[in-house]
Amino acid sequence: MTEIEYMKLAVEQANENIVLKEGGPFGAVIVRNQEVVAAAHNRVLVENDPTAHAEITAIRKACQYLNSYDLSECVLYTSCYPCPMCLSAAIWANIKTIYYANTAEDAGQIGFRDDFIYHFIENGAHDDQIVKMSQIGREQAIETFNDYVKDPSRESY
């Protein structure tokens, strides 16, 4: 299959959700070595889970199917430019190539606004109108990190 054909599968996932109404009109496909290992659409409404975006759902499926948290050999095709959460998840999964169809601006025009999150991050995550963040308990929590570093059997990701 070609990149366009994989993208067509991602768009088909998005179109399917117009009928199913399980979440927003977004779809994603993950491919490894010319094999589709996961296909998903947004499931935010049906799962009551704000993280159940198409890309996150596809990443979860791909990781289960491949029995690995490392998707470095995979390519993500998504019907829209990934939101900050999905982009972060793809990076954490070691996905090195992402193809997207619609732009973030296209999504914004139909009511899906991610700009404020990008601006929040760009401004150093300092905007109490979006979320108030305060550090507490570091003295206790740093000990867990220290124990982790000392553990020779640890697996880092």
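The rules behind each value
- Within each chain, residue numbers correspond to sequence positions counted from 1 in written order.
- A pLDDT threshold of at least 70 governs which residues receive local features in this predicted model, and a stricter bar of 80 or more applies before side-chain atom pairs are shown or counted, although totals over entire chains, interfaces and linings include all residues.
- Each side-chain value is derived from all of the structure's non-hydrogen atoms; neither hydrogens nor water enter the calculation.
- UniProt positions are given in the numbering used here, feature names are shortened, and annotations may be inferred rather than shown by experiment.
- Starting at the N terminus, helices and strands are each numbered in turn, a helix being any DSSP run of H or I of at least four residues and a strand any DSSP run of E of at least two.
- The buried label applies to any residue whose accessible area, calculated with a 1.4 Å probe on protein chains only, is under 20% of its type's maximum; exposed applies above 50%, and partly exposed to all values in between.
- Here, residues are in contact when the closest pair of their heavy atoms is within 4.5 Å.
- Areas reported as accessible are Shrake-Rupley estimates using a 1.4 Å probe. Residue values count occlusion only from the protein chains shown.
- Charge convention: Lys and Arg are scored as positive, Asp and Glu as negative, and His as well as the terminal groups of each chain are ignored.
- Charged side chains are reduced to one point each, which is NZ for Lys, CZ for Arg, CG for Asp and CD for Glu.
- One speaks of a salt bridge when a side-chain nitrogen belonging to Lys or Arg is within 4 Å of a carboxyl oxygen belonging to Asp or Glu.
- Should DSSP find at least two bridges between two strands, the strands are taken to pair.
- Lines fitted to C-alpha atoms define the axes, with helix axes restricted to the stretch in contact, and inter-axis angles between N-to-C directions lie between 0 and 180 degrees.
- Only buried residues count toward a nonpolar core. Its members are Ala, Val, Leu, Ile, Met, Phe, Trp, Tyr and Cys residues joined through side-chain atoms within 4.5 Å.
- One less than the residue count of a helix, multiplied by 1.5 Å, gives the span that helix is expected to have.

With an unreviewed UniProt entry as reference, the chain is termed Cytidine/deoxycytidylate deaminase, source organism Oenococcus kitaharae DSM 17330. Here is the UniProt Sequence similarities (unreviewed entry) comment for the chain, exactly as written: "Belongs to the cytidine and deoxycytidylate deaminase family."

A. Looking closely at the overall build of the chain. When helices and strands are tallied, the chain shows seven helices and four strands. Looking at the chain residue by residue over its 157 residues, the buried ones come to 32%. Within the chain, contacts between residues at least 6 apart in sequence are counted, and of these 49% link residues at least 24 apart. Within the structure as shown, the chain displays about 10500 Å² of accessible surface, and the carbon and sulfur contribution to it stands at 53%. With 12 positive and 23 negative side-chain charges, the chain shows a separation of 3 Å between the mean positions of the two kinds.

B. The arrangement of the pattern of salt bridges in detail. Inspection of every chain in the model, using the stated rule, returns four salt bridges. Put simply, arginine 43 and glutamate 47 hold a salt bridge, and the shortest N to O gap is 2.5 Å. Between aspartate 115 and arginine 113 there is a salt bridge, with its nearest N and O atoms 2.9 Å apart. One salt-bridge network, held together by shared partners, links Glu22, Arg43 and Glu47.

C. Layout of the sheet that holds strand 4 (residues 97–102). The four strands lie next to each other as 2-1-3-4, forming an open sheet whose pairing is mixed. Of all strands in the sheet, those with a lone pairing partner are strand 2 (35–41) and strand 4, marking the two edges. Here the average twist between neighbouring strands, direction ignored, is 15°. When strand 3 (residues 74–80) meets strand 4, the two strands line up parallel, connected through five bridges. Across the sheet, the residue bridging to cysteine 80 is asparagine 102, located in strand 4.

D. Quick look at the nonpolar core. Ranked by internal contacts, the top residues of the largest apolar core, which has 24 residues, are Ile30, Ile59, Ala62, Leu71, Leu76 and Ile95. Taken together, the elements giving at least two residues each to this core come down to strand 1 (27–32), strand 2, helix 3 (54–66), strand 3 and helix 4 (84–92). Element by element, the count of residues in this core is highest for helix 3, at seven residues. With residues up to four places along the chain from it excluded, the contact list for isoleucine 59 reads Ile30, Leu71, Ala89, Ala90, Ala93 and Ile95. Within the second largest apolar cluster, seven residues are counted, among which are Tyr6, Met7, Val29 and Val31.

E. Up close: the UniProt feature "domain: CMP/dCMP-type deaminase" (unreviewed entry) in the chain. Those residues carrying the UniProt feature "domain: CMP/dCMP-type deaminase" (unreviewed entry) are residues 1–115 in this numbering. Split by type, residues 1–115 is 44% helix and 23% strand. Its first and last C-alpha atoms lie 34 Å apart.

F. Spotlight on helix 3. Taking 1.5 Å per residue, 13 residues should reach 18 Å; helix 3 reaches 18 Å between its end C-alpha atoms and fits that length. Buried residues of helix 3: Ala54, Glu55, Ile56, Thr57, Ala58, Ile59, Ala62, Cys63 and Leu66, and no others.

G. Quick peek at the side chain of glutamate 22. Note that glutamate 22 resides in the loop between helix 1 (3–20) and strand 1. Glutamate 22 gets classed as buried once you look at its relative accessible area, which sits at 16%. Beyond its immediate chain neighbours, meaning those up to four positions away, glutamate 22 contacts Asn17, His41, Asn42, Arg43, Val44, Leu45 and Val46.

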